[in-house]
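One letter stands for each residue in the lines below.
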Amino acid sequence: MTKTIDQRQLADIVYRPIITEKATMSLENNHYTFEVDPRADKTEIRAAIEYLFNVKVIGISTHKPPRKKKRVGKYMGYKPGVKRAVVKLAEGDSIPLFPES
């Protein structure tokens, strides 16, 4: 049984690219890191990346770190949870994270 994915909702899955020193170094190996919807699974993330950037995805690794505590006055709460997806693209494909002006 395959899951049907509505193309109108694919843009809502990927929030933003993550640009850190480690993520920038992994661009040499054609790995791109994105912050994605915590409820999205790997098939939805793959479909969203392929649809939005017109590339071929070879593999996906996801990571959901524990939430961090946040204090506002005497009240204790949590920051919203995030999910990271490291996407490996096919040879020759790339995503322009730093557009040239």
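Please refer to the structure placed before this passage.
A few points on the structure. Just so you know, the residues in each chain are numbered from 1, in the order the chain's sequence is written. For this predicted model, a pLDDT threshold of at least 70 governs which residues receive local features, and a threshold of 80 or more governs which side-chain atom pairs are given and counted, while totals over whole chains, interfaces and linings are taken from all residues. Excluded from the side-chain calculations are hydrogens and water; all other atoms, namely the structure's heavy atoms, are used.

### Concerning the overall build of the protein chain
The test is simple: Working definition: helices are DSSP H or I runs of at least four residues, strands are E runs of at least two. Numbering for both runs from the N terminus. The rule is simple: take the accessible area with a 1.4 Å probe, protein chains only, and divide by the maximum for that residue type; under 20% is buried, over 50% is exposed, in between is partly exposed. What makes two residues a contact is simply this: any of their non-hydrogen atoms within 4.5 Å. The charge count treats Lys and Arg as positive and Asp and Glu as negative. His and the chain ends do not count. By convention, charge coordinates are those of NZ in Lys, CZ in Arg, CG in Asp, or CD in Glu.
Regarding its fold elements, the protein chain presents two helices and six strands. Helices and strands appear in the protein chain in the N-to-C order β-α-β-α-β-β-β-β. Taken along the three principal axes of its C-alpha coordinates, the protein chain extends 55 × 40 × 25 Å. Out of the 101 residues in the protein chain, the part that is buried amounts to 27%. Once local pairs closer than 6 in sequence are excluded, the contacts in the protein chain between residues at least 24 apart make up 61%. Side chains of the protein chain carry 19 positive and 12 negative charges; the gap between the two charge centres is 14 Å.

### Thoughts on the side chain of aspartate 37
In this structure, aspartate 37 sits in the loop between β2 (31–36) and α2 (42–53). In this structure aspartate 37 comes out as buried when scored by relative accessible area, which is 12%. Non-local contacts of aspartate 37, meaning those with residues more than four positions away in its chain, are made with Ile13, Tyr15 and Lys83.

### Quick look at the pattern of salt bridges
Operational definition: The salt bridge criterion pairs a side-chain nitrogen of Lys or Arg with a carboxyl oxygen of Asp or Glu, the two atoms within 4 Å.
Counting across every chain of the model gives two salt bridges. Of the charged contacts in the structure, one is a salt bridge between arginine 16 and glutamate 35, with a shortest N-O distance of 2.9 Å. You can see arginine 16 sitting in strand β1 (residues 14–17) and its partner glutamate 35 sitting in strand β2, a full 19 residues away along the chain. Judged by relative accessible area, which is 12%, glutamate 35 ranks as buried.

### A word on the side chain of asparagine 30
Inspection of the secondary structure assignment puts asparagine 30 in the loop between α1 (21–25) and β2. Judged by its relative accessible area of 13%, asparagine 30 is buried.

### Looking at the nonpolar core
Here is a general trend for soluble globular proteins: nonpolar side chains tend to be buried in one another's company. Defined as follows: For the purposes of this section, nonpolar cores are sets of buried Ala, Val, Leu, Ile, Met, Phe, Trp, Tyr and Cys residues that join through side-chain atoms within 4.5 Å.
Residues Phe34, Ile45, Ile49, Val87, Leu89 and Ile95 are the most contacted members of the largest nonpolar core, which totals 17 residues. Secondary structure elements with two or more residues in this core: β2, α2, β3 (57–63) and β6 (83–89). Contacts of leucine 89, omitting those with residues within four sequence positions, involve Asn30, Tyr32, Val55, Lys56, Val57, Ile58, Ser94 and Ile95.

### Here's the deal with the pairing of β2
Heads up, the condition is: Strands qualify as paired when DSSP identifies two bridges or more between them.
Judged by how many residues are buried, β2 sits mostly within the fold: five of six residues are covered. Sheet topology places β1 next to β2; three bridges connect them, and they run antiparallel. Residue valine 14 lies in a different strand from β2, and its bridge partner there is valine 36. Summarising the sheet, β2 and β6 pair through six bridges and their orientation is antiparallel. Bridge pairing in β6 links valine 36 to lysine 83.

Read these as spatial facts, not as claims about activity.
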